[in-house]
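# Structure assessment
Listed below, chain by chain, are the residues.
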Amino acid sequence: MNNKESVLSKALSDETMDGQIATLNLGPTHPATHGIFQNVLKVDGEKVLSSEQTVGYIHRAFEKMAERKSYQQITPLTDRLNYCSSPINNIGWQMTVEKLCGIEIPKRVQYLRVIIMELARISDHLVCNSVIGVDSGALTGFTWMFIERERIYDMYEQICGTRLTTNIGRIGGFERDINEKFHTLLKDFIDGFEKRFNEFNALLDRNRIFMDRTIGVGKISAERALNYGFVGPNLRAVGVDYDVRVHSPYSSYQDFEFDIPVGTEGDTYDRFQVRQEEIRQSLRIIKQAYQNLPTEGGYHADAPMFYLPRKENVYNTIEGMIYHFKQVYGEMPYPVGEVYHSVEGGNGELGYYLISDGGRSPYRLQFRRPCFIYYQAYPEMISGQMLSDAVVTLSSLNVIAGELDA
Amino acid sequence: MESKLTNEQVLEALRAQFANAIGEEEQTIDNYLTVYVDPKSVHEMVKWLFIHDGFRVRFLTNITGVHYPDNEKGKELMVVYHLHSLENNFRIRLKAFLPIDKPEIDSIEDIYSAANWIERETYDFFGIVFKNHPNLKRILNEDSMDYFPMRKEYRVEDGTRQDKDDRFFGR
Amino acid sequence: MGKVTAEGQLEAINYEGFQLTKLDTVIGVARANSLWPLPFATSCCGIEYMASMAPNYDIARFGMERMSFSPRQADLLIIAGTISKKLAPVLRQAYEQMAEPKWVMAVGACASSGGIFDTYSVLQGVDRIIPVDVYVPGCAPRPEQIIDGIMNIQALAKHESLRRRYSAEYKHLLDNYNIEHDIDGE
């Protein structure tokens, strides 16, 4: 069941290069670790024997803060978990509250959410894959793909006004409807992205150097990966087809046709390929959702008790004023009870466990942060490998410090 | 994907196996099977669910603590385990109450490697001691911290900010 | 006397065959245009900093693209993101390792003041442990703001007197932060 010791001792017992074991500090701040976490490596020459991790360098106490904030105020907190794909976190949290309160969401809002979440997934995977390129010595892909990310950011700006920490949407829908500019940008993106993405793919996909650097590097078996709680692209790279979007569909994902790409070996190359294919599948979902976007349904649910009213209604109508006041002061009848809701985030199953005592704030809110759980497998994945392979493995795991430490 | 197991089916099997350790079932909004269990038998139960051929609950979703300061004595802390059977798409939630003066429960790190850090985090936040854990120390906070910050009696604020005037915050 | 012109960024007296200016000015211009930043990117703002390095914003246009990942060879410490109390000693060590002259830029609300994270684990502004020259507001700041912040640092570097780093005021500043130094202070 647990063969961690055997993996480590195997690495230790292999013949050593010169018998001298050195200690190497990778982090807390190091160009090769994208984010702040420390790995103290025991190395023999270039070979990594073992690693000890320290995390918590940007622990910000989200869960404690959430116990003091109203339900609406928690949306901006979730932005800062996995900041490469903040809309998924935002919408995941809003769906959790909607599940608690039993709010019905119109089909149109669900489709819009799907479009935005898939855009976020594309931008998350683009960062990860281009950074794998950077760490194996190919900077070009990074510069190309950040142009694509900027296009996605431009679309976010049309919906919520900001780029990175989006605070997109409200409980019950969106704060405003999508505008003409968004339609234009999205159409351009759908038309042009695939071609540019294929160029990026051609840079690395069958690149001999890249393949040599990544194939067989940072391997993990399916059994160990499940035992370590791997989710998302990293789990699919070992060959397990678990995807929350299919397993327990939310926001009408059952309406769309898409494939779950899986790998076979569970090495860095597989993780790269799975993410590449997921980007294509995300684009496929966006196309379907945009084509079938209902014209009727508005941009928010009819739930005045929980949906924060528009500012002009707050200032100009008495109902808007009352609802706004009561929501902000937490006098709304939030149900007592608990709910677990998970969405497929950029790194896999992002869960929200919410316990409500009927008050203004959650009694307890816990985030299931995929990074935090699977990053502990890192020492096992790199022991016995070369130092430069450890760096590529780390970037292919896509560990985001904000999500790791919360 | 529909779940292949029903809550009743699993609960019945659990009751048959662990007659005295299973407490009452709780109805939750998300309809996941939620049962209160005896903390002493959590390890055994998780292991049984893991090796059970029909259920195959082999994925640890999460472990977390909850602090209920107003509960009766001996039930101030609660540990919640979320387990998931990927093959049957079935989720189960186990809850165990612990006394705050001696919050001890068996670690399930030997069953799930993922539990290592999650249990350390729960210890860090709530001071829940997981027995037989290989390396139970703080993970997110500094080692020098002398309290468990997620317990309800501790405040969230840093307390050193001067730019926050209470008059403007209604405190 | 010859005519006084500002050629490019250099204030100088030009005359046939020679050019007069102050050493301060020459060195200031040289320093401002060859800043080697050390990105201390911890969280969200780090991603925006990455975006400002990418083609759309491209900070290389302003002569600040040479990242130095070693504090020993850096002039500018860019702190982008939340600094927790656990990380504070690391940051301070990185700052102390940098050679004079050095500048510090706090990017984003978290680095400047703790931002929304007024919690037990977050340092309420990096200026509690090291002196900061430029604060960039925003959560997270747009790349334009980050570029503007670095250009403000360049302006500071350009106009800084060569004696500043040996002055009693600077000694007093470092003493306030308990940072070791070897300034006599006049």
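Within any chain, residue numbers begin from 1 and follow the written order of that chain's sequence. Here chains are named by letter from A upward and ligands by number from 1 upward, in the order in which they appear as written. Totals for whole chains, interfaces and linings use every residue, but because this is a predicted model, local features are given only for residues with pLDDT of at least 70 and side-chain atom pairs only at 80 or more, for both listing and counting. Computation of side-chain values covers all heavy atoms of the structure but excludes hydrogens and water.

## Digging into helix 7 (residues 180–204) of chain A
Residues and elements named next belong to chain A. Taking 1.5 Å of rise per residue, 25 residues should cover 36 Å, and helix 7 covers 36 Å from first to last C-alpha, within 8% of that figure. Maximum bend of helix 7: about 40 degrees, positioned at G192. Buried residues are those whose accessible area, probed at 1.4 Å on protein chains only, stays under 20% of the maximum for their type, while exposed residues exceed 50% and partly exposed ones sit between those limits. Helix and strand assignments come from DSSP, with helices taken as H or I runs of at least 4 residues and strands as E runs of at least 2, each series counted from the N terminus. When helix 7 is considered as a whole, its buried residues turn out to be F182, H183, L185, L186, F189, I190, G192, F193, F197, F200, N201 and L204. Any two residues whose heavy atoms approach within 4.5 Å at even a single point are treated as in contact. Looking at the buried positions of helix 7, the neighbouring elements they touch are helix 5 (107–135), helix 6 (140–160), helix 8 (208–214) and helix 12 (268–291). Helices are assigned an expected span. That span is 1.5 Å times one less than the residue count. Values of bend correspond, residue by residue, to the angle between axes fitted over the seven residues ending at that residue and the seven starting there.

## Some thoughts on the confidence of the model for chain B
Within chain B, residue pLDDT values average 89, and 95% of them lie at 70 or more. As a predicted assembly, this complex carries a pTM of 0.92 together with an ipTM value of 0.92. Every residue is assigned a pLDDT by the predictor, reflecting its confidence on a scale from 0 to 100.

## So, the pattern of salt bridges
Residues and elements named next belong to chain B. Criterion for a salt bridge: a side-chain nitrogen of Lys or Arg within 4 Å of a carboxyl oxygen of Asp or Glu. Tallied over the entire structure, the rule returns 45 salt bridges over all chains. A salt bridge links R138 to D124; its shortest N-O distance comes to 2.7 Å. Residue R138 is located in the loop between strand 7 (129–131) and helix 4 (166–169), and its partner D124 is located in helix 3 (residues 115–126); the two are separated by 14 residues in the primary sequence. The buried category is assigned to R138, whose relative accessible area is 9%. Taking the relative accessible area as the measure of exposure, D124 reaches 0% and is therefore buried.

## Things to note about the interface of chain C and chain B
Opposite the 12 residues of chain C that make contact, chain B presents 16 residues. Counting every contact that joins chain C to chain B gives 0 salt bridges. Any pair of N or O atoms that falls within 3.5 Å is considered a polar contact. Within protein, one atom must be able to donate a hydrogen and the other to accept it, and sequence-neighbouring residues count only if both atoms are side-chain atoms. Inspection of the chain C/chain B interface yields 2 residue pairs in polar contact (both at pLDDT 80 or more). Ten residues, namely Ala, Val, Leu, Ile, Met, Phe, Trp, Tyr, Cys and Pro, are considered nonpolar, four, namely Asp, Glu, Lys and Arg, are considered charged, and the remaining ones, Gly among them, are considered polar. Considering only residue class, the side of chain C that touches chain B consists of 2 nonpolar, 6 polar and 4 charged.

## Considerations on the sheet that holds strand 6 (residues 364–368) of chain A
Residue and element names in this part refer to chain A. Strands are treated as partners if at least two bridges between them are detected by DSSP. The 3 strands lie next to each other as 4-5-6, forming an open sheet whose pairing is antiparallel. The two strands at the open ends of the sheet, each matched to only one other strand, are strand 4 (336–345) and strand 6. Within this sheet the neighbouring strands show an average axis-to-axis angle of 10 degrees, counted without direction. Here strand 5 (residues 348–357) pairs with strand 6 via 5 bridges, running antiparallel. Residue pairing in the sheet places G351 in a bridge with R368 of strand 6. Convention adopted: a line fitted to C-alpha atoms gives each axis, helices being fitted over their contacting stretch, and angles between N-to-C directions are expressed from 0 to 180 degrees. Lying over the sheet, helix 4 (residues 86–101) contacts strand 4, strand 5 and strand 6, oriented at roughly 150 degrees with respect to strand 4.

## Brief notes about a nonpolar patch on the surface
Think of a patch as exposed residues, more than 30% relative accessible area, with no salt bridge, where like charges cluster within 9 Å and nonpolar side chains (Val, Leu, Ile, Met, Phe, Trp, Tyr) cluster within 5 Å. For the accessible areas, the method is Shrake-Rupley and the probe is 1.4 Å, while residue cover comes only from the protein chains on display. A cluster of nonpolar side chains, namely I318, M321 and I322 of chain A, defines an oily patch on the protein surface of about 300 Å² accessible area. Mapped onto the elements, M321 of chain A comes out in helix 14 (residues 318–328).

## Concerning the environment of L173 of chain C
All names here are of chain C. One can find L173 in helix 6 (residues 168–176). Judged by its relative accessible area of 27%, L173 falls in the partly exposed class. When the C-alpha positions of L173 and D133 are compared, they lie 12 Å apart, and in sequence the two are 40 residues distant. With sequence-adjacent residues up to four places away left out, L173 is seen in contact with P131 and R164.

## Some details on unusual backbone geometry
The step from E100 of chain C to P101 of chain C runs through a cis peptide bond, and the omega angle for that step is -5 degrees. Checked against the element boundaries, P101 of chain C lands in the loop between helix 3 (88–97) and strand 6 (103–107). Omega for the peptide link from C139 of chain C to A140 of chain C comes to -10 degrees, which places this bond in the cis form. Topologically, A140 of chain C is positioned in the loop between strand 7 (134–136) and helix 5 (143–159). If you check the backbone angles, N398 of chain A has positive phi at about 55 degrees while not being a glycine. Along the chain, N398 of chain A turns up in the loop between helix 17 (387–397) and helix 18 (401–405). In this structure, R56 of chain B is a non-glycine residue whose phi angle is positive, near 50 degrees. Structurally, the position occupied by R56 of chain B is in the loop between helix 2 (42–51) and strand 3 (59–67).

## Observations regarding the interface of chain A and chain B
Taken together, the 47 residues of chain A in the interface contact 52 residues of chain B. When two components associate, each loses some accessible surface as probed by a 1.4 Å sphere; the sum of these losses over both components is called the buried area. Taking both sides of the interface into account, the surface hidden between chain A and chain B amounts to around 4,100 Å²; carbon and sulfur atoms contribute 55%. Our count for the chain A to chain B interface comes out at 5 salt bridges. Residue K95 of chain B pairs with E338 of chain A through a salt bridge whose shortest N-O separation is 2.5 Å. For the pair chain A and chain B, the number of links is 24 residue pairs in polar contact (both at pLDDT 80 or more). Among the elements that line the side of chain A that touches chain B, the one with the most residues is strand 4 of chain A, at 6 residues.

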